[in-house]
Amino acid sequence: MVPCPGPRRSLPLTTRTTAPPDTPAAGPAAVDASTWRALPSALRQELRTDHAGEAGAVMIYRGVLALARSPALRDFARHHLQTEQQHLDLIEAVVPLAGRSRLLPLWRLAGWLTGALPAMLGDRAVYATIDAVETFVDQHYADQVAWIDHHTAAATAAGRPDTAAAALPALRQLLERCRLDEVQHRDDARARRGSAGRWPQRLLVWGWTSLVGSGSAAAVRVSRWV
Ligand SMILES: [Fe+2]
Ligand SMILES: [Fe+2]
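Being a predicted model, the structure only gives us computed values, none of them experimental.

A. Expanded view of the overall build of the protein. Secondary structure assignment for the protein yields 7 helices and 0 strands. Reading the secondary structure of the protein in the N-to-C direction produces α-α-α-α-α-α-α. In the protein, buried positions account for 42% of the 226 residues.

Rendered as structure tokens:
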């Protein structure tokens, strides 16, 4: 994704969820305008980062497809693009226009460059990039799922009425569905990237994927607020 957004600062839980995978078809969570406003502000911020990230993810694969020539890489990108577009559609059903990042053009451009630049270097560079991005996104979604679990348990234990509670199971299912898809994307890329080659290439790929990881974290921090 773009530089898709790490929620650990505003969402204090960092534990990975151990819940069994929610499967496949989480439809768009039914979040109307009043429910959206009732969601905890930290969760609304996280969902904004998710929307920015999925918009960027779509553009990553468009960037790859703009420059890649290898049939195997193009198939890979087309397949992943389809899933990222589904994620974006699902999250757009949850995050209203007013709740989205105002920097979407920037995230889209960053996403396109995140796909196009490595595509100029070759297939392995793209696979290494996707591995790095999806490793980040897996943790990002896992933190959000853990936060929802914690929030739900705390509200239940306290017997507090929570106006947003009815929306949380569907949101959790949506986030977990996206996370599992991102894990598949990561594993697919990791299996294809193979060895990193000789040291100059290895250094270049290491430098690039480090930049992608830190860029993703920075994009998350910014898109929480803007
Ligand atoms: Fe995605
Ligand atoms: Fe993905």
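Back to the text.
B. Helix α6 (residues 168–193), seen in detail. In a regular helix each residue adds 1.5 Å, so 26 residues correspond to 38 Å; α6 covers 37 Å between its end C-alpha atoms and thus fits that length. Of all the positions in α6, only L171, R172, L174, L175, E176, R177, C178, R179, D181, E182, H185 and A189 are classed as buried. Residues of α6 that are buried in the fold lie against α3 (71–92) and α5 (123–158). After α6 finishes, the residue G194 shows a positive phi value of roughly 65°.

C. Fine view of the confidence of the model for the protein. On average, the protein scores 84 in pLDDT, and the residues at 70 or more come to 82%. Low pLDDT, under 50, characterises residues 1–26; the predicted model gives this stretch 86 contacts beyond four residues in sequence or across chains.

D. Main features of helix α4 (residues 104–121). Between its first and last C-alpha atoms α4 spans 26 Å; for 18 residues at 1.5 Å apiece the expected length is 26 Å, and the two agree. Buried-residue contacts for α4 involve α2 (41–67), α5 and α7 (199–225). Downstream of α4 by a residue or two, G122 has a phi angle that is positive, lying close to 135°.

E. A look at the nonpolar core. Of all hydrophobic cores here, the largest spans 48 residues; its most connected members are V64, V126 and V133. Elements that contribute at least two residues to this core include exactly α2, α3, α4, α5, α6 and α7. When neighbours within four sequence positions are excluded, V126 is seen to be in contact with V64, L73, P118 and A119.

F. Local environment of the packing of α4 against α5. Two elements in contact, α4 and α5, have axes separated by 6 Å at closest approach and are oriented at 145°. Residue-level inspection shows T114, P118, A119 and L121 of α4 in contact with α5, the latter providing A125, V126 and T129. Here the contact of α4 with α5 is composed, by residue class, of 5 nonpolar, 2 polar and no charged.

G. The packing of α2 against α7, seen in detail. Where α2 contacts α7, the axes come no closer than 8 Å and their chain directions differ by 125°. One way to sum up the angle between α2 and α7 is to call them oblique. The hand of the α2/α7 crossing is right-handed. Contacts from Q45, R48, T49 and A52 in α2 reach A219, V220, S223 and R224 in α7.

H. Quick peek at the environment of V212. Of note, V212 is situated in helix α7. Under the C-beta neighbour-count criterion, V212 is labelled buried, with 25 such atoms within 10 Å. Between the C-alpha atom of V212 and that of I130, which follows or precedes it by 82 residues, the distance is 9.4 Å. Ignoring any residue separated from it by four or fewer positions in sequence, one finds V212 in contact with T114, T129, A132 and V133.

I. Quick peek at the environment of A38. Mapped onto the elements, A38 comes out in helix α1 (residues 33–38). Along the sequence, A38 and A164 sit 126 residues apart, while their C-alpha atoms lie 5.5 Å from each other.

J. Up close: the environment of G122. Mapping G122 onto the fold places it in the loop between α4 and α5. Separated by 52 residues in the primary sequence, G122 and S70 have C-alpha atoms spaced 8.8 Å apart.

Conventions we followed
- Residues numbered from 1 in each chain as written.
- Chains lettered and ligands numbered in written order.
- Predicted model: local features only at pLDDT ≥ 70, side-chain atom pairs only at ≥ 80, totals over all residues.
- Helix = DSSP H or I, 4+ residues; strand = E, 2+ residues; numbered from the N terminus.
- Buried ≥ 20, exposed ≤ 12 C-beta atoms within 10 Å, placed from the backbone.
- Expected span 1.5 Å × (residues − 1).
- Contact = placed C-beta atoms within 7 Å.
- pLDDT = per-residue confidence, 0-100.
- Core = buried A, V, L, I, M, F, W, Y, C linked by C-beta atoms within 7 Å.
- Axes fitted to C-alpha atoms, helices over the stretch in contact; angles between N-to-C directions.
- Nonpolar A, V, L, I, M, F, W, Y, C, P; charged D, E, K, R; others polar.
- Parallel < 35°, antiparallel > 145°, perpendicular 65-115°, else oblique.
- Left-handed = near helix turned anticlockwise from the far one by under 90°.

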